[in-house]
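# Overview (structure and organization)
As a plain string of letters, each chain reads:
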Amino acid sequence: MSQSKKIIILGGGFGGIYTALELERRFRAEESVEITLVNQDNFLLFTPMLHEIAASDLDPTDIVNPIHKLLKKTKFFCGSVDAVDIAKKTVTVSHGAEYHSHVLSYDQLVLALGSVTHFFGLPGLAENALTMKSLGDAMHLRNQMISMLEEADFECCKSLRGKLLTFVVAGGGFAGVETVAAINDFLRGVLPFYSNLKPSDLRVILAHSGEVVLPELDSTLGRYAGTLLQERGVEIKFKSKVTSFENHSVTFSDGSACEACTVVWTAGNAPNPLLQQIQCDKDRGRIAVDENLAVRGAPGVWALGDCATIPDGNGGCYPPTAQHSIREAVTLAHNIAADMRGEKPRPFRFRTLGQLASLGHRSGVAQIFGFRFSGFWAWWLWRTVYLMKLPRFEKRFRVALNWTLDVLFAKDNVQLPVTRASVLRVPMSIKHAQGDAVS
Ligand SMILES: Cc1cc2nc3c(=O)[nH]c(=O)nc-3n(C[C@H](O)[C@H](O)[C@H](O)COP(=O)(O)OP(=O)(O)OC[C@H]3O[C@@H](n4cnc5c(N)ncnc54)[C@H](O)[C@@H]3O)c2cc1C
């Protein structure tokens with residue numbers, strides 16, 4: 001083996017974690033190989049189930065796995081990546097309450113920093129819209145829906161009910177459709193607990209730029225999904241995009257507008273902005289890698305997942321999905337080991353297995369190995385496949401248990417506040433305090 005021994009992985013999503021797991025397997029017996037993973041959160045988020053947190057089907061901790069429990073040999077650095085210097089082979093990371101920095105040197109570097117939400121500079125969206133990318137986003141959306149219901153239920157807010165109870169989701173791809181289906185189910189499921197509100201007060205809108213939702217799937221499945229959502233009360237604005245969201249007013253590209261307090265934006269992604277300052281080949285802002293997942297002109301630097309453009313061998317590139325990131329990670333780890341041992345790398349080749357979307361109410365759509373499913377069986381497949389994919393038995397057990405309990409109980413409409421309880425900051429005499437306590 002060459003002298004290369006320090007491997008640093010930036011990003012603890014699907015790409016980063018699965019690369020670390022595979023490297024651990026390959027270098028299990030080699031003490032001299034040091035693997036470090038840097039991520040800003042100390043957990044791996046299982047994004048395919050994120051909408052179930054927003055819709056109160058699962059508890060927030062059900063779909064996240066602590067990195068410390070996932071990785072055995074890898075050192076975990078919980079902090080933020082601030083800079084990458086490819087010429088000097090260093091990475092600057094910061095952490096702690098005061099954000100102090102460390103400069104880490106590497107022999108092999110893996111870039112797995114994912115993507116961020118992109119609002120295309122549309123007025124008011126970055127400031128006012130909610131997003132659906134992180135665990136915090138899903139909890140925020142759940143809290144927002146419940147706050148709106150609580151406020152609208154009061155008679156004094158009768159005149160505001162229209163905008164309080166209008167929920168707009170922008171984007172008819174997987175994330176948008178699963179989110180709108182989940183929040184529509186949640187809102188209609190808990191509405192009977194609010195005595196002054198009736199189903200006709202609710203307005204759930206999906207804005208989609210195309211003629212059929214879920215354009216990633218066969219159009220028959222997209223049409224099925226669209227019709228099902230409409231039957232359940234979702235208003236779909238086809239061939240229309242959200243163009244602004246300011247002062248509780250949403251405008252659409254078809255010229256229409258509505259009042260709403262809640263817009264969930266799932267209609268755009270951009271490469272992680274940190275990539276801009278990394279000196280290497282890019283393709284529309286993403287790291288351009290060759291078919292071995294190596295960054296061109298930067299020996300020992302690799303990239304995968306949503307932050308990379310990976311050629312698929314047919315003139316295109318692989319889509320940014322967890323399904324692909326996990327497989328890319330295995331090839332990437334193989335190629336790092338090959339590089340360190342002076343062996344030949346192998347190209348990444350993978351045929352998409354299929355895609356599934358949950359539409360709530362025990363229904364879904366799925367396209368697997370060219371076969372199309374819709375309705376109950378697609379929903380059952382969605383649950384089975386993703387339950388098996390969720391890392392660690394403990395989490396799978398918790399999710400299965402919660403799904404089972406879901407059959408017996410109504411959706412939970414408690415808010416998940418993260419504010420601290422009020423405290424008394426000025427000194428108070430003991431007598432006064434005791435008097436208060438018994439009065
Ligand atoms: C709502 C939703 C649903 C989805 N559903 C599916 C699905 O059903 N099936 C599927 O295949 N795919 C799905 N995806 C896509 C899938 O989640 C992504 O393709 C996948 O997560 C990409 O993996 P990654 O490792 O490249 O990036 P990510 O998983 O985004 O990981 C990047 C990591 O880098 C960290 N990071 C970023 N910047 C820094 C920094 N400066 N310092 C430290 N850490 C940093 C982030 O915190 C994150 O942990 C879904 C995505 C979303 C948002």
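Worth saying up front: this structure is predicted, and the values here are computed from it rather than measured.

### With respect to the site of the ligand
The local shell around the ligand holds 26 residues, among which Gly-15, Asn-39, Thr-47, Val-81 and Asp-306 are the closest. Between the ligand and Phe-14, the relevant distance is 3.3 Å, taken from an oxygen atom to a main-chain nitrogen or oxygen of the residue. Val-81 is positioned such that a nitrogen or oxygen atom in its backbone is 2.8 Å from a nitrogen atom of the ligand. In the complex, 84% of the free accessible area of the ligand, which totals 990 Å², lies under the protein chains.

### Remarks on the packing of aromatic side chains
Taken as a whole, this structure holds 13 aromatic pairs when the rule is applied. Their ring planes at 40° and their centres at 5.8 Å tell us that Phe-119 and Trp-265 sit as a pair that is tilted. Placement of Phe-119 in the loop between strand S10 (115-117) and helix H4 (125-128) and of Trp-265 in strand S18 (residues 262-265) is noted, with a sequence separation of 146 residues between them. Per residue, the accessibility class of Phe-119 equals that of Trp-265, and both read buried. Ring centres of Phe-376 and Trp-377 lie 5.3 Å apart, and the angle between their planes is 80°; on these two criteria the pair is classed as edge-to-face. Here the aromatic residues Phe-14, Tyr-18, Phe-46, Trp-382, Tyr-386 and Trp-403 are joined through ring pairs into a cluster of three or more. Here the basic side chain of Arg-383 rests over the ring of Trp-403, its NZ or CZ set 4.0 Å away from the ring centre.

### Quick notes on the domain arrangement of the chain
Here the chain is described as being made up of domain 1 (6-40 + 79-117 + 270-340) and domain 2 (125-267). Taking only C-alpha atoms into account, the centre of domain 1 sits 35 Å from that of domain 2.

Each value, and the rule that gives it
Residues numbered from 1 in each chain as written. Predicted model: local features only at pLDDT ≥ 70, side-chain atom pairs only at ≥ 80, totals over all residues. Heavy atoms only, no water. Near = heavy atom within 4 Å. Polar contact = N/O pair within 3.5 Å; in protein donor to acceptor, adjacent residues only side chain to side chain. Areas by Shrake-Rupley, 256 points an atom, 1.4 Å probe, with all protein chains shown as cover. Phe/Tyr/Trp six-rings, centres within 6.5 Å; stacked < 30°, edge-to-face > 60°. Helix = DSSP H or I, 4+ residues; strand = E, 2+ residues; numbered from the N terminus. Buried < 20%, exposed > 50% of the residue type's maximum accessible area, 1.4 Å probe, protein only. Lys NZ or Arg CZ within 6 Å of the ring centre and 35° of its normal. Domains from an automatic or database assignment.

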